[in-house]
Amino acid sequence: MKIKQLFTAVMLIMFVGKTIAQEEKTVKNKSWYVPDYVKAQFAGNIGMISLGAGYQLFDKVLYSELLYGYVPESVSKADRIHLLTIKNTFPIYRKKISENLTITPIAGFALSYEIGTNSFTSLPSIYPEDYYVPNAFHFTLFGGGLVHQEFKNKKIFSGADFYAEVGTVETYLWYAITSKEVSFGDAFSASIGVNFYL
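Read on for a plain summary of the structure. (Residues numbered from 1 in each chain as written. Predicted model: local features only at pLDDT ≥ 70, side-chain atom pairs only at ≥ 80, totals over all residues. Heavy atoms only, no water.)

Our focus in this paragraph is the overall build of the protein. In terms of helices and strands, the protein carries 3 helices and 9 strands. Listing every helix and strand of the protein by position from the N terminus yields α-β-β-β-α-β-β-β-β-β-α-β. A burial count over the protein gives 37% of its 198 residues as buried. When contacts within the protein are restricted to residue pairs at least 6 apart in sequence, long-range pairs at least 24 apart make up 53% of them. Accessible area of the protein: about 12400 Å², with a carbon and sulfur share of 65%. (Helix = DSSP H or I, 4+ residues; strand = E, 2+ residues; numbered from the N terminus. Buried < 20%, exposed > 50% of the residue type's maximum accessible area, 1.4 Å probe, protein only. Contact = heavy atoms within 4.5 Å. Areas by Shrake-Rupley, 256 points an atom, 1.4 Å probe, with all protein chains shown as cover.)

Bridge analysis of strand β1 (residues 37-43) against strand β9 (residues 188-197) gives 7 bridges, and the strand direction is antiparallel. Directly across from Gln41, in β9, lies its bridge partner Gly193. Bridge count for strand β8 (residues 159-169) against β9 is 10 bridges, and the pairing is antiparallel. The residue bridging Ala160 from the neighbouring strand is Phe196, located in β9. (Pairing = 2+ DSSP bridges.)

Most of β1 is tucked away, with 6 of its 7 residues classed as buried. Sheet topology places β1 next to strand β2 (residues 49-57); 6 bridges connect them, and they run antiparallel. Each residue of the ladder has a partner; that of Phe42, found in β2, is Ile49. Count of turn residues in the β1/β2 antiparallel hairpin: 5 residues, of which Gly44 carries a positive phi of about 95°.

Once that is clear, we can look at unusual backbone geometry. In this structure, Ala43 is a non-glycine residue whose phi angle is positive, near 70°. Note on placement: Ala43 falls in strand β1. With a phi close to 55°, Phe58 is a non-glycine residue in the positive phi region. Examined against the element boundaries, Phe58 turns out to sit in the loop between β2 and β3 (62-71).

It is worth spelling out the nonpolar core at this point. By size, the foremost hydrophobic cluster in this structure holds 8 residues: Val38, Ala40, Leu51, Phe157, Ala160, Val194, Phe196 and Leu198. Those residues in contact with Val194 that sit more than four places away from it in its chain are Val38, Lys39, Ala40, Asp161, Phe162 and Tyr163. (Core = buried A, V, L, I, M, F, W, Y, C linked by side-chain atoms within 4.5 Å.)

This part covers the environment of Phe109. Relative to the assigned elements, Phe109 resides in strand β6 (residues 101-114). Considered as a pair, Phe109 and Thr168 are 59 residues apart in the sequence and their alpha carbons are 9.6 Å apart. With near-sequence residues (within four places) excluded, Phe109 lies in contact with Ile86, Lys87, Asn88, Phe90, Phe139, Thr140, Leu141 and Phe142.

The next subject is the side chain of Glu65. Inspection of the secondary structure assignment puts Glu65 in strand β3. Polar side-chain contacts of Glu65 include one of 2.7 Å to the side chain of Tyr37. For Glu65, the contacting residues outside a window of four places in its chain are Tyr37, Lys39, Ala53, Gly54, Thr85, Ile86, Lys87 and Asn195. (Polar contact = N/O pair within 3.5 Å; in protein donor to acceptor, adjacent residues only side chain to side chain.)

Scanning the model with the defined rule gives 3 salt bridges in all. Measuring nitrogen to oxygen at the nearest pair gives 3.0 Å for the salt bridge that ties Lys154 to Glu150. (Salt bridge = Lys/Arg side-chain N within 4 Å of Asp/Glu carboxyl O.)

Summarising the element assignment, Ser179 is placed in the loop between α3 (170-178) and β9. A polar contact of 3.1 Å, which involves the side chain of Ser179, links it to the backbone nitrogen of Glu181.

Let us look at the packing of aromatic side chains. Considering all chains together, one arrives at 8 aromatic pairs under this definition. Each ring, one from Tyr37 and one from Tyr197, has its centre 5.2 Å from the other, and the planes form 50°; the classification is tilted. Of the two residues, Tyr37 sits in strand β1 while Tyr197 sits in strand β9, which places them 160 residues apart along the sequence. Ring centres of Phe184 and Phe188 lie 5.3 Å apart, and the angle between their planes is 55°; this geometry places the pair in the tilted category. Each residue in the set Tyr37, Tyr63 and Tyr197 is aromatic and connected to the rest through ring pairs, giving one cluster. (Phe/Tyr/Trp six-rings, centres within 6.5 Å; stacked < 30°, edge-to-face > 60°.)

Shape descriptors only; they carry no functional weight alone.
This is the structure in structure tokens:
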């Protein structure tokens with residue numbers, strides 16, 4: 001049931017984004033606040049499922065996105081996790097492999113803020129001073145590959161990116177470096193996602 005609700009939410013975001021984009025395309029230049037694409041991502045330390053919108057900036061040198069991520073209780077083994085993330089991706093270079101298909105290695109970083117009940121920005125009074133460090137904000141590093149497909153029929157979307165990434169969170173990396181109990185491989189996780197261009 002939850003998967004059906006998530007799928008419905010993704011489709012609704014894409015439909016609303018496309019409707020706004022179609023209205024803007026009647027004007028010569030779209031407004032600055034209209035996103036270039038909508039996004040859905042599975043895993044990657046920013047939520048089990050993340051949805052949002054993004055912009056291609058500085059002549060497509062930077063892709064910057066605002067995402068909402070969600071992790072259900074069944075996966076977190078605690079309370080549900082809600083995350084807000086600003087994700088920044090840098091295409092390293094683009095290799096055109098056909099008229100409408102381009103592959104691109106990517107790298108980037110993200111900053112996430114957990115807005116749920118599993119984290120804190122200042123130490124709760126129930127703990128001794130300096131017992132824990134604040135854990136609501138996390139910095140993520142990632143790298144991977146992206147395939148961009150331009151669509152010939154641009155009625156709904158003009159194109160799509162399909163990507164896979166491997167990344168880590170700063171605290172996982174720190175524990176892998178400083179602790180014998182955490183292996184380097186345990187600090188990294190994979191993600192997949194798609195961008196639909198409006």
